[in-house]
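Examination of the molecular architecture
Chain by chain, the residues:
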Amino acid sequence: MGTPGTVLITGTTSGVGLNATKALVERGWTVITANRSPQRAAGAADEMEIPKDRLQHVLMDLGDLDSVRSAVEKLPSGVDALVCNAAVYKPKLKQPERSPQGYEISMATNHFGHFLLVQLLLDRIKASSHPSRRVVILGTVTANSKELGGKIPIPAPADLGDLSGFEAGFMEPVSMASGKRFKPGKAYKDSKLCNMITTQELHRRLHGETGITFTSLYPGCVADTPLFRNTPKVFQKIFPWFQKNITGGYVTQALAGERVAQVVADPDFAEAPCLYERYRAGAKIAVAGGDRNHPRCIKSGGRAAGNIRRQQFRRQDGYPQSYRLLLPVFCLHPALGPYHHDTLRH
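Attention here is on the structure that accompanies the text. (Residues numbered from 1 in each chain as written. Predicted model: local features only at pLDDT ≥ 70, side-chain atom pairs only at ≥ 80, totals over all residues. Heavy atoms only, no water.)

Once that is clear, we can look at the nonpolar core. Leu82 and Leu117 are the most contacted members of the largest nonpolar core, which has 42 residues in total. Take this core: its biggest share by element is ten residues, from helix H4 (residues 105-127). Aside from chain neighbours lying at most four places away, what touches Leu117 is Leu8, Thr10, Met60, Leu62, Val68, Val72 and Leu82. (Core = buried A, V, L, I, M, F, W, Y, C linked by side-chain atoms within 4.5 Å. Buried < 20%, exposed > 50% of the residue type's maximum accessible area, 1.4 Å probe, protein only. Helix = DSSP H or I, 4+ residues; strand = E, 2+ residues; numbered from the N terminus. Contact = heavy atoms within 4.5 Å.)

Quick look at the structure:
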């Protein structure tokens, strides 16, 4: 089960984040929850009967970079791990919604806010004496062009293009990383693609120096999570049924939370390379570009057993080499930095 520590989790008022909080507390961890409403987070934890003495609730609006900075300043000094879970998905928007800093809200919340949070907490996690210092970012198959979910052209697959939207400053009238026309569903996919590519680059650039393991995790399709509350009602009915009966990819919020807790707390994950860890029902673990002799690389069993298929994102897997510019572009942006420029630009 590993050594208990202190972990910060974003987005814990419901869904995977709340269930991950419960699972980690049950493993002996202390959890700092970061949400727009600490009151809602506390109330949700009470309903789950999570012991209050293992929790600390802080106000953090990931869509507001000033809020992220303010929240980090008030955190306790000891943080051993970070789980970037919170996300917004607003597929019915006709025009882009803007963050307080003027960025499209999906990218601002899902990626910019988390990117800044990681940068601000790096030194604290690096200074930790915990044996399993980790940064875990929740991913999605819809942002992976090698997965079926990533190939569905509704509204369009994730694609950052030439990053011209970022290089232009990502302010009005720009609302997409590629600089192209706004598509709300694609804005979410693009933000999660940025999450996953950045996780890979953070691990490649910083793991050797800091000892921190950076991981992108897809815990299975939690088709009834509140993330989909802004989708059409018919979708909210059909999508869970489809995932349960057709694809077999459906997992409960509780099981997804357990899987997040496993990646945070299980000692076996401390030495893993930067991998996209996907739970897949009824299959052995397959490793692409990783160590097949690693203790997590050969396991089998049913869905409930929590099998993991690991995929290492590589440029030849459909992500252009230019995407490695993501870190320097973000770090040199006035709103997000400067943080760790010398470290991140090599």
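Let us now look at the environment of Ala44. In this fold, Ala44 is placed in helix H2 (residues 38-47). Judged by its relative accessible area of 8%, Ala44 is buried. Expressed as a C-alpha distance, the spacing of Ala44 and Leu18, which sit 26 residues apart in the sequence, is 7.5 Å. Setting aside residues up to four positions removed in sequence, Ala44 forms contacts with Thr12, Thr13 and Leu18.

A few words on the packing of H4 against helix H7 (residues 184-210). Contact geometry of H4 with H7 gives a least axis separation of 9 Å together with a crossing angle of 15°. It follows from the interaxial angle that H4 and H7 lie roughly parallel. Crossing hand, H4 versus H7: right-handed. Packed against H4, whose contacting residues are Ser106, Met107, Asn110, His111, Phe115, Val118, Gln119, Leu122 and Lys126, the element H7 presents Ala187, Tyr188, Asp190, Ser191, Cys194, Asn195, Thr198, Leu202, Leu206, Glu209 and Thr210 at the interface. (Axes fitted to C-alpha atoms, helices over the stretch in contact; angles between N-to-C directions. Parallel < 35°, antiparallel > 145°, perpendicular 65-115°, else oblique. Left-handed = near helix turned anticlockwise from the far one by under 90°.)

Here we come to the pattern of salt bridges. One pass over the full model with this rule turns up ten salt bridges. Between Glu258 and Arg27 there is a salt bridge, with its nearest N and O atoms 3.1 Å apart. Here Glu258 is found in helix H9 (residues 253-265), whereas its partner Arg27 is found in the loop between helix H1 (15-26) and strand E2 (30-35), with 231 residues between them in sequence. For Glu258, a relative accessible area of 31% translates into the label partly exposed. Several salt bridges share partner residues, and in doing so they unite Glu201, Arg204 and Arg205 into one network. (Salt bridge = Lys/Arg side-chain N within 4 Å of Asp/Glu carboxyl O.)

Along the chain, Ser128 falls in the loop between H4 and strand E5 (134-138). In this structure the side chain of Ser128 is engaged in a polar contact, spanning 2.5 Å, whose partner is the side chain of Asp80. For Ser128, the side chain forms a polar contact with the main-chain nitrogen of His130, separated by 2.9 Å. Non-local contacts of Ser128, meaning those with residues more than four positions away in its chain, are made with Val79, Asp80 and Arg133. (Polar contact = N/O pair within 3.5 Å; in protein donor to acceptor, adjacent residues only side chain to side chain.)

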